[in-house]
Amino acid sequence: MGNKQTTFTDEQLEAYQDCTFFTRKEVLRLHGRYRELAPHLVPLDFTNNPDIKVPLTLIVTMPELKENPFRDRIVETFSEDGHGNLSFNDFVDMFSALCETSPRELKTIYAFKIYDFNRDNFICKEDLRKTLNKLTKGELTPEEVTLVCDKAVEEADLDGDSKLSFSDFENMISKAPDFLSNFHIRI
Amino acid sequence: MKVLTKCCIEGKRNIFNLLPVSCRSDFKAIMCSIRKLSTLAKRQYKTYIFLMIFPFISSSGSESDEDSMSEGEMAALKEEVEEKKKVIATLRNQPWRMKKRLVVLKEAQEFVEKFEGALGKGKGRKLYAYKVMMTKKLIKFKRDFENFKTACIPWERKIKEVESHFGSSVASYFIFLRWMYGLNLVLFGFMFGLVILPEILMGLPYGSIPRKTVPREEQETAMDYSVLFDFGGYCKYSFLFYGYYNNEPTIGVLKFRLPLSYLLVGVGIFGYSLMVVIRTMARNANEGGDGGEEGDFTFSWKMFTSWDYLIGNPETADNKYASITTSFKESIVDEQENQKDENIHLRRFLRVLANFLIVSCLGGSGYLIYFVVKRSQEFANMKKDNLSWFEKNEVEFVMSLLGLVCPPLFETIAELEDYHPRIALKWQLGRIFALFLGNLYTFLFALFDEVTAKLESEKVIKNSTEWVLNQYYSNYSSFYNTTDVPPPAVHPSDVIRGPCWETGVGIEFVKLIVSDIQVTYLTILIGDFVRAVIVRFLNYCWCWDLEAGFPSYGEFDISGNVLGLIFNQGMIWMGAFYAPGLVGLNVLRLLSSMYYQCWAVMCCNVPHERVFKASRSNNFYMGLLLLVLFLSLLPVVYTIMTLSPSFDCGPFSGQEKMYDVIMETIEKDLPAFIGNLFSYATNPGLILPAVLLMVLALYYLNAVSKAYQQANTDLKKKMQMARDEEKNRRNNKDSTNQVMKDLEDLLPNKSLIPPPTEEEPPPPDVVIEKGSKSPKMKPGAAAKGVNLQKDVSLAAPNPRAPVTRAPGPRKGPPGNARGPQPGPGRGRGRGGPPRH
């Protein structure tokens with residue numbers, strides 16, 4: 001729009017606008033946020049696509065993520081190496097998928113990946129147990145935990161293999177009224 | 001992929017027919033190989049093949065046929081380009097890594113650029129190139145406009161702060177407030193630009209004609225604060241109210257038609273609001289989810305959708321953990337208990353009693369308002385000085401008081417009813433809605449009684465003024481013996497004035513809204529701020545813990561505030577026709593409200609312990625807004641159609657009815673045939689069939705919608721059945737579906753099967769219990785069934801092996817009392833035993 005900035009070339013900004021749900025101003029703001037996580041590591045000039053990754057421990061200190069019980073899983077899901085070290089592309093990708101205008105289908109896919117702790121493309125009982133413990137901070141007794149996990153599998157499992165595949169998960173989430181408004185991070 | 005192959009085949013046929021015979025065989029071979037490759041489902045390969053073949057085709061084609069061939073391949077190429085463009089458009093919806101997206105984007109863009117130029121050859125190339133350039137410019141313009149629009153959205157930071165502290169439900173109120181602010185800003189733009197500004201700039205100034213001047217008897221007090229606060233004095237005779245506007249058909253150099261514009265803007269405000277509300281409802285409708293039933297996925301939803309990702313504050317997060325834990329514990333308890341078979345009769349009696357009390361409250365409040373408005377009419381006839389402030393503002397005071405006192409009263413009475421909190425919330429909202437509506441309409445009815453009284457007195461005044469005028473003319477002409485009589489030289493402030501009921505109504509509305517604002521702000525100040533201060537500082541020297549115990553800090557009342565906002569907007573819609581300045585007042589009110597309430601919520605409120613949303617999506621409140629819009633349209637339409645305007649004030653003075661302005665414009669200013677058109681269109685002979693047609697269309701659409709709903713429920717049932725059968729197939733249990741059991745009973749072969757082994761008795765108990773509750777199986781029932789089944793399967797070894805081969809002749813494994821195997825054949829198709 002005519003503002004002088006040297007962080008990105010215009011083609012890069014146009015490309016980001018095509019690939020995410022962000023506007024130009026938001027992409028520049030995201031770069032500012034990314035940089036303030038590790039100013040000595042992240043350069044100001046991104047015109048030649050430097051290969052920088054910010055480690056997991058720094059990313060989860062962001063105010064948007066720091067209170068979230070699933071922060072580690074979120075960052076790991078969007079990182080290329082699977083260990084939570086995000087490049088700027090991954091960083092933008094993460095916030096784009098979780099933003100308000102992101103469609104339900106996309107959010108469902110990422111939600112499934114986040115809740116699948118052992119990354120076997122199924123949400124098995126162990127994954128459910130971990131999710132529940134993170135949500136209740138260990139306040140429920142083990143019997144209650146088992147009961148809830150069994151109930152959840154029974155409700156959502158359509159093919160009877162006592163774990164949730166993606167289609168089971170999608171079928172269950174598509175009817176949930178709160179999903180879109182809760183699975184949303186504003187940056 | 002199938003679509004692509006089909007297009008490819010069609011494209012091939014087109015190209016094939018256009019080729020000269022010599023080239024057809026080559027082309028055939030090439031296209032065959034393309035087809036084979038395209039079935040490998042990689043678009044890039046096709047693209048590369050095209051890239052490879054393109055030079056061959058263009059070179060092998062004879063020069064004379066170059067045009068026709070490039071036309072044929074142009075079509076196929078164009079399709080490729082369109083495809084690439086579609087890929088670019090949907091790139092952000094793909095769940096790929098960003099790097100992959102950037103790479104695909106670059107490829108697609110290069111391809112499009114390269115071949116869009118090439119496609120420009122041949123006929124219509126100039127047009128095509130122009131079209132391409134315009135599309136590009138349009139996309140860029142749209143993107144810049146979107147960027148600009150998002151930059152203009154105010155209060156993003158504030159809302160984000162509120163969200164991170166209180167979660168998404170409280171923030172939804174502020175988002176709604178911001179949306180209202182935008183709507184009111186547009187309405188203000190209409191009103192100001194098309195009505196107020198022309199009158200101020202091009203109309204007659206203050207003091208030139210009677211309607212614009214303060215009457216002589218009021219002039220001494222016209223500047224007093226008390227009079228101004230009551231919107232009398234100079235306020236009353238200003239552009240804020242209806243009475244100021246002149247009824248000249250056109251004003252100023254531009255010949256601006258003010259009366260017509262006033263009427264059209266008054267109606268257009270409703271039209272625009274309707275459009276915006278419906279558009280927002282349609283947009284929100286997609287968010288609500290597919291409409292699963294309440295009990296279907298209780299635990300799954302609690303697990304996966306209960307955490308609010310917007311929370312960024314440690315205290316709120318702790319609160320949320322606690323509330324999620326409580327919610328799980330409650331659901332577990334609900335699961336494990338049977339439905340408490342309490343005394344239904346007592347419960348019903350209590351509920352009837354509660355409803356009776358509440359209806360009587362509502363009736364009482366309606367009567368109170370009517371009584372107070374009638375009293376205010378009496379006060380209006382008395383001298384103003386004898387009245388105390390309370391008596392002067394009685395109506396507004398009483399209405400605000402009712403709006404403050406009744407909702408908590410309803411909540412207390414509702415304790416008798418003992419509903420689930422979500423249902424109780426819905427009842428509470430419905431009752432508050434009925435209260436506000438009842439109050440507003442009673443107020444309106446009382447007001448319109450006043451209006452008819454004013455109209456009566458106006459007739460008298462009108463007659464007397466006409467009589468005076470006639471007297472003056474006859475005297476003048478008889479005295480000076482001329483027929484050319486100049487208008488009477490009376491100062492505008494001395495002319496006898498009618499009561500001008502529209503301005504009166506406008507003033508009432510403005511006073512009501514102002515008092516509503518005052519009450520709201522005071523409530524927040526006292527109810528939240530002072531309470532918080534007291535709890536915080538008195539806690540040091542009080543017997544019990546104020547923070548945890550009785551008063552504690554307030555929670556933000558979302559539904560109360562949203563309803564207040566909706567009703568405020570309803571009053572604005574009603575009053576804007578009589579007081580054009582009201583919309584501007586509302587814009588200021590919403591602006592200050594935003595800052596004030598944001599501060600108050602951050603400073604004095606604590607996050608909710610349990611959050612119950614009133615509905616699945618925001619459409620509940622939007623639906624209420626729509627209802628209020630229709631209800632506030634009614635009085636205005638009634639006024640325009642039925643009541644006659646005042647004879648000496650406002651833009652419609654002198655007309656029989658307000659809509660006569662439109663008739664006049666059509667007759668005088670528009671060409672003749674439009675007038676004819678309108679007279680045909682308003683012919684009852686045309687309107688009645690149109691209404692009949694609409695009724696028929698309504699009936700048809702209703703029937704279609706019912707049919708869809710039925711189809712939907714049938715599909716759901718089918719899915720449920722398939723799911724159960726699949727589970728049973730996995731667990732190798734007897735069929736639990738009542739239909740299947742009936743079918744089994746009817747089968748003749750059952751009698752040949754030897755009596756079942758000892759495993760049989762437990763399953764029938766289980767089956768019968770489950771059967772009694774099917775076909776609509778609730779998870780609650782399933783829970784017991786599942787538990788029992790588990791016990792059973794542990795108790796008795798399962799003699800049935802997993803079914804891995806085709807059912808042989810009827811000497812199958814014992815206890816296999818099933819008829820045609822339902823599981824694999826139906827529904828899921830999981831590769832069961834082959835069926836011959």
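About the thresholds
- Residues numbered from 1 in each chain as written.
- Chains lettered and ligands numbered in written order.
- Predicted model: local features only at pLDDT ≥ 70, side-chain atom pairs only at ≥ 80, totals over all residues.
- Heavy atoms only, no water.
- UniProt positions renumbered as here; feature names shortened; annotations may be inferred.
- Helix = DSSP H or I, 4+ residues; strand = E, 2+ residues; numbered from the N terminus.
- Buried < 20%, exposed > 50% of the residue type's maximum accessible area, 1.4 Å probe, protein only.
- Contact = heavy atoms within 4.5 Å.
- Areas by Shrake-Rupley, 256 points an atom, 1.4 Å probe, with all protein chains shown as cover.
- Lys, Arg positive; Asp, Glu negative; His and termini not counted.
- Charge placed at Lys NZ, Arg CZ, Asp CG, Glu CD.
- Core = buried A, V, L, I, M, F, W, Y, C linked by side-chain atoms within 4.5 Å.
- Buried area = accessible area lost by both parts, 1.4 Å probe.
- Salt bridge = Lys/Arg side-chain N within 4 Å of Asp/Glu carboxyl O.
- Disulfide = S-S within 2.5 Å.
- Polar contact = N/O pair within 3.5 Å; in protein donor to acceptor, adjacent residues only side chain to side chain.
- Phe/Tyr/Trp six-rings, centres within 6.5 Å; stacked < 30°, edge-to-face > 60°.
- Lys NZ or Arg CZ within 6 Å of the ring centre and 35° of its normal.
- Axes fitted to C-alpha atoms, helices over the stretch in contact; angles between N-to-C directions.
- Left-handed = near helix turned anticlockwise from the far one by under 90°.
- Nonpolar A, V, L, I, M, F, W, Y, C, P; charged D, E, K, R; others polar.
- pLDDT = per-residue confidence, 0-100.
- Parallel < 35°, antiparallel > 145°, perpendicular 65-115°, else oblique.

For chain B, the name recorded in an unreviewed UniProt entry is Transmembrane channel-like protein, with Dicentrarchus labrax as its organism. We quote the UniProt Subcellular location (unreviewed entry) comment for chain B here in full: "Membrane".

The name recorded for chain A in an unreviewed UniProt entry is Calcium and integrin-binding family member 2, from Dicentrarchus labrax.

It is worth spelling out the overall build of chain A at this point. Across its full length, chain A carries 10 helices and 0 strands. When the helices and strands of chain A are read in sequence order from the N terminus, they spell out α-α-α-α-α-α-α-α-α-α. The burial tally for chain A puts 60% of its 187 residues in the buried class. Long-range pairs, those at least 24 residues apart, make up 54% of the contacts in chain A with a sequence separation of at least 6. Per element, the accessible surface of chain A, about 7,300 Å² overall, is 51% carbon and sulfur. Across chain A, the 23 positively charged side chains and the 34 negatively charged ones have centroids separated by 5 Å.

Attention now goes to the overall build of chain B. Scanning chain B for helices and strands turns up 28 helices and 2 strands. Counting across all 836 residues of chain B, residues that qualify as buried make up 40%. Put simply, 74% of the contacts in chain B that link residues at least 6 apart link residues at least 24 apart. In the form shown here, chain B has an accessible surface area of approximately 47,800 Å², with 63% of it arising from carbon and sulfur atoms.

Now for the nonpolar core. The biggest cluster of nonpolar side chains holds 104 residues, and the ones touching the most others in it are Phe174 and Phe577 of chain B. Once residues within four sequence positions are removed from consideration, phenylalanine 577 of chain B is found in contact with Tyr242, Tyr262, Leu263, Gly266, Val636, Ile640, Phe652 and Met658 of chain B. Of all hydrophobic cores here, the second largest spans 81 residues; its members include Tyr115, Ala152 and Met172 of chain A together with Val87 of chain B.

With 74 residues of chain B at the contact, the number on the chain A side is 79 residues. Carbon and sulfur atoms supply 57% of the area buried between chain B and chain A, which totals about 6,900 Å² over both sides. Of all residues in chain B, Met303, Phe304 and Tyr309 of chain B bury the most surface against chain A, accounting for 13% of the area lost on that side. There are 8 salt bridges connecting chain B and chain A. A salt bridge links glutamate 14 of chain A to arginine 143 of chain B; the nearest nitrogen and oxygen atoms lie 2.9 Å apart.

The next subject is the state of the cysteines. Residue and element names in this part refer to chain B. The tally for this structure, following the rule as stated, stands at 1 disulfide over all chains. What pairs with cysteine 500 in a disulfide is cysteine 649, and their sulfur atoms sit 1.8 Å apart. Residues cysteine 500 and cysteine 649 are joined through a disulfide that is right-handed, its torsion about the S-S bond being 100°. Highlighted residues: cysteine 500 in the loop between helix H17 (421–480) and helix H18 (501–538) and cysteine 649 in the loop between helix H21 (619–641) and helix H22 (660–668), separated in sequence by 149 residues. A single burial state applies to cysteine 500 and to cysteine 649, both of which are buried. Counting only cysteine sulfurs, cysteine 598 is the nearest neighbor of cysteine 152, a cysteine outside any disulfide, at a range of 19 Å. Sulfur of cysteine 598: no disulfide; nearest cysteine sulfur belongs to cysteine 604 and is 12 Å away.

Attention now moves to the UniProt feature "domain: EF-hand" (unreviewed entry) in chain A. All names here are of chain A. Sites flagged by UniProt as "domain: EF-hand" (unreviewed entry) map to residues 103–138 and 144–179. Helix makes up 67% of residues 103–138 and strand 0%, whereas the separation of the span's terminal C-alpha atoms amounts to 33 Å. What you have in residues 144–179 is 64% helix and 0% strand, and the ends, taken at the C-alpha atoms, are 24 Å apart.

We now examine the UniProt feature "transmembrane region" (unreviewed entry) in chain B. Residues and elements named next belong to chain B. The UniProt record marks residues 179–204, 225–245, 260–278, 352–373, 428–448, 571–591, 620–641 and 677–701 with the feature "transmembrane region" (unreviewed entry), using the residue numbering of this structure. Across residues 352–373 one finds 100% helix and 0% strand; the C-alpha atoms that close the span lie 32 Å apart. Secondary structure over residues 620–641 splits into 100% helix and 0% strand, and the C-alpha atoms at its two ends are 32 Å apart.

In this section: the side chain of glutamate 502 of chain B. Residues and elements named next belong to chain B. For glutamate 502, the location among the structural elements is in helix H18. Of the buried charged residues, glutamate 502 lacks a salt bridge, with lysine 454 as the closest side chain of opposite charge at 8.9 Å. A polar contact is formed between the side chain of glutamate 502 and the side chain of serine 646, at a distance of 2.8 Å.

Next up on the list: H22 of chain B. Of all the residues in H22 of chain B, the buried ones are Asp660, Val661, Thr665 and Ile666 of chain B. In this structure, the buried side of H22 of chain B is in contact with helix H11 (258–285) and helix H23 (672–681) of chain B.

All right, on to helix H1 (residues 10–19) of chain A then. Burial within H1 of chain A is extensive, with 7 of its 10 residues counted as buried. Of the residues making up H1 of chain A, those classed as buried are Gln12, Leu13, Ala15, Tyr16, Gln17, Asp18 and Cys19 of chain A.

With that settled, consider the packing of aromatic side chains. Counted by the stated rule, this structure contains 46 aromatic pairs over all chains. Arranged with centres 5.1 Å apart and planes meeting at 90°, the rings of phenylalanine 70 of chain A and tyrosine 115 of chain A form a pair that is edge-to-face. Taken together, the residues span a long stretch of sequence, with phenylalanine 70 of chain A in the loop between helix H3 (56–59) and helix H4 (71–78) and tyrosine 115 of chain A in helix H6 (residues 104–115) at a distance of 45 residues. Judged by relative accessible area, tyrosine 115 of chain A falls into the buried class, the value being 1%. A connected cluster of aromatic rings, assembled from ring pairs, spans Tyr242, Tyr244, Tyr245, Tyr262, Trp501, Phe577, Tyr578 and Phe652 of chain B. Of note, lysine 163 of chain A hangs over the ring of phenylalanine 122 of chain A, and the distance from its end group to the ring centre comes to 4.1 Å.

Residue and element names in this part refer to chain A. Contact geometry of H4 with H6 gives a least axis separation of 9 Å together with a crossing angle of 115°. Classified by chirality, the crossing of H6 by H4 is right-handed. Contacts between H4 and H6 involve Arg73, Ile74, Thr77 and Phe78 on the former and, on the latter, Tyr110, Lys113 and Ile114. Among the residues forming the contact of H4 with H6, the class breakdown is 4 nonpolar, 1 polar and 2 charged.

What follows concerns unusual backbone geometry. All names here are of chain B. One non-glycine residue, tryptophan 155, lies in positive phi territory at about 65°. With respect to the helices and strands, tryptophan 155 occurs in the loop between helix H6 (125–152) and helix H7 (156–166). Under the relative-accessibility criterion, tryptophan 155 is labelled buried at 12%. Backbone geometry places lysine 255, a non-glycine residue, at a positive phi of 55°.

When pLDDT is averaged across chain A, the result is 89; 98% of the residues are at 70 or more. Of all helices and strands in chain A, the one with the weakest mean pLDDT is helix H10 (residues 179–182) of chain A (87), whereas helix H5 (residues 88–97) of chain A scores best (93).

Moving on: the confidence of the model for chain B. All names here are of chain B. Across chain B, pLDDT averages 76, with 73% of residues at or above 70. Put simply, helix H27 (residues 779–795) is where chain B has its lowest mean pLDDT, 39, and helix H20 (residues 582–604) is where it has its highest, 93. The model gives residues 810–836 a pLDDT under 50, and that stretch makes 38 contacts with residues more than four places away or in other chains. Confidence estimates for the predicted assembly give a pTM of 0.71 and an ipTM of 0.91.

Residue and element names in this part refer to chain B. In this fold, valine 398 is placed in helix H16 (residues 394–414). You can call valine 398 buried: its relative accessible area is 12%. For the pair formed by valine 398 and tryptophan 155, sequence separation is 243 residues and the distance between their alpha carbons is 35 Å. Discounting residues that sit within four places of it in the chain, valine 398 has contacts with Leu368 and Val372.

Residue and element names in this part refer to chain B. Positionally, leucine 624 belongs in helix H21. When the C-alpha atoms of leucine 624 and leucine 357 are compared, they prove to be 25 Å apart, with 267 residues separating the residues in sequence. The contact partners of leucine 624, leaving out residues within four places of it in the chain, are Phe433, Leu563 and Ile566.

Right, let's talk about the packing of H11 of chain B against H21 of chain B for a bit. Residues and elements named next belong to chain B. One way to put it is that H11 packs onto H21 with a least axis distance of 10 Å and a crossing angle of 165°. When the axes of H11 and H21 are compared, the pair comes out roughly antiparallel. The element H11 and its partner H21 pack so that their crossing is left-handed. Residues Leu263, Val267, Phe270, Ser273, Leu274, Val277, Ile278, Thr280, Met281, Asn284 and Ala285 of H11 touch H21, and the partners they reach there are Asn619, Met622, Gly623, Leu625, Leu626, Leu629, Phe630, Ser632, Leu633, Val636 and Ile640. When its residues are assigned to classes, the contact of H11 with H21 shows 16 nonpolar, 6 polar and no charged.

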